[in-house]
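Chains, contacts and geometry: an overview
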Amino acid sequence: MPEKTLLNHSRPPIFCPGCSHDQVLRSLDKAFLNLGLAGHQICMVSDIGCSGFFDVFFNTHAMHGVHGRALTYAAGIKLCQPELNVVVTMGDGGLGIGAAHVIAACRRNLDLTLLVLNNYNFGMTGGQYSATTPNEAVVGSGFLNKLDKPLDLPALAAAAGAPFVCRCSTYQKDLTETLERAITYKGFSVVEIHGICPGRFTKRNKITPQSIAQDLAAKEQVCGEVAANQRQEYGLAYGREAAAQPALPRPLGIEPLCQAPQQTRQEVVILGAAGQRIITAGEVLALAGLAAGLHASQKNEYNVTVLRGPSISDLILSPEPIAYNGAQRPSVVIALSHEGVERRRGGFAGLGPEVLILQAPGVELPPSAGRVLAMDFKGMGIKAADWALASLAVLARQNQVLNQQMLVAALEARFQDKTLAAVKETLARVAS
Ligand code: SF4
């Protein structure tokens, strides 16, 4: 036996007396039942505001998010679960705040149903003017609504490419059938439902179901498919295009070929500056860890600038899975620039004598108990841009964190041809 309602008995709908949202809610419930839909076949996605309660008032899947962004969540849900009937409820407040997302959804034509419950004001927050408030209305936010032209949602949606658009009243007899048509339409359907907010709007403005009907009768009648916008639904079109693409190459794989010098979790922090190839060195170290069959993570931190500003990479190599990828107890700190060291200055005081600190030329270190190894990279004829990679060669020479076999495997995975040869030649200067 089909259920007689999908409304939530444990959270009965409650709006201000006479609120049009209640009637829309019950029409939507009827539409679902008439279509034979069960709760598990529906996902209600609600925006913020009084219409934002629709998701809790139904026994369906549900999502409630940030103001104006409901369509973005709905799109993700529909793409992941295309069998769901995804219905989005939004007020005229959310319409104004998230209009860019409405336009994007119209252009995209994903199979969603958008119900905009238009009661001409922000009801929940005190009756401020919204994107659809008429110029002549009296609202709680002063005169500003007299200056902005109210948004014509059906015209906007049709112009933006929505293939099904409807402007209707909460009080018209065929609202349930209209909602059924919108829900069953295979593509993006937009239904603007005009209604009354007695809690706020009608305290200052005279508006009745009859006046709404007259007002809508004076506007362009729109309810149904927009002939010029008919096309394949986005999810289907996406599947078709994706299937026609060449197969993606397999991700880079590294077969474990040796053992790491230490069989315990090792954390390395590379403190450098933009232009020193810190991130690249971090990648090489992570690849070296993979070559030894370890789990590896890399967490990078850098400014938006190029050639100046700190650049930092936290590396973790571990025989155990890595949960958080920030270094917390480093075994090695590589200090290659003043900027990088300054950014992590506070961490030096906690370094114990077991921590190896590689110190590049000209870099001053904050006080710590770490074991400092000053590197004469300049004497080796190595440019600052290669100090990070050269530091890995130093560690490999010392069999700390990585060994020579791991380093070579990582370099060969990361670089090719002339670049590989040049990097190997540079690092050979460290070995000599
Ligand atoms: S404030 Fe307006 S929209 Fe909100 S519940 Fe009350 S009448 Fe309905």
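Shown above is the structure to which this text applies.
Rules used in this analysis
- Residues numbered from 1 in each chain as written.
- Predicted model: local features only at pLDDT ≥ 70, side-chain atom pairs only at ≥ 80, totals over all residues.
- Heavy atoms only, no water.
- Disulfide = S-S within 2.5 Å.
- Buried < 20%, exposed > 50% of the residue type's maximum accessible area, 1.4 Å probe, protein only.
- Phe/Tyr/Trp six-rings, centres within 6.5 Å; stacked < 30°, edge-to-face > 60°.
- Helix = DSSP H or I, 4+ residues; strand = E, 2+ residues; numbered from the N terminus.
- Lys NZ or Arg CZ within 6 Å of the ring centre and 35° of its normal.
- Pairing = 2+ DSSP bridges.
- Axes fitted to C-alpha atoms, helices over the stretch in contact; angles between N-to-C directions.
- Contact = heavy atoms within 4.5 Å.

1. Notes on the state of the cysteines
Under the definition given, this model contains one disulfide. Summary of cysteine pairing: Cys106 is not part of a disulfide, and the nearest cysteine sulfur, belonging to Cys166, is at 14 Å. Under the relative-accessibility criterion, Cys106 is labelled buried at 1%.

2. Re the packing of aromatic side chains
Evaluated as defined, the whole model comprises nine aromatic pairs. With centroids separated by 5.5 Å and ring planes inclined at 75 degrees, the aromatic side chains of Phe32 and Phe58 adopt a geometry described as edge-to-face. With Phe32 in helix 1 (residues 20-34) and Phe58 in the loop between helix 2 (54-57) and strand 2 (61-64), this residue pair connects regions lying 26 residues apart in the sequence. Ring geometry for Phe53 versus Phe57: centroids 5.8 Å apart, planes at 25 degrees, classification stacked. With relative accessibility at 2%, the residue Phe57 sits in the buried group. Site record: aromatic cluster; members linked through ring pairs are Phe15, Phe32, Phe53, Phe54, Phe57 and Phe58. Sitting over the ring of Tyr234, Arg108 keeps its end group 5.6 Å from the ring centre.

3. Points about the sheet that holds strand 11 (residues 332-335)
The six strands are arranged 9-10-8-11-12-13 in an open sheet whose pairing can be described as mixed. Strand pairing shows two members of the sheet lacking a second neighbour, strand 9 (295-302) and strand 13 (371-374), which therefore form its edges. In this sheet, neighbouring strand axes are inclined to one another by 15 degrees on average, regardless of whether the strands run parallel or antiparallel. Across eight bridges, strand 8 (residues 266-273) lies against strand 10 (residues 310-318) in antiparallel orientation. If you follow Gln266 over to strand 10, its bridge partner there is Leu317. Relative to the sheet, helix 11 (residues 278-291) contacts strand 8, strand 9 and strand 10, its axis offset from that of strand 10 by approximately 5 degrees. Across the sheet, helix 14 (residues 387-397) touches strand 11, strand 12 (356-359) and strand 13, and the angle it forms with strand 12 is around 140 degrees.

Purely geometric stuff here, so don't read any function into it on its own.
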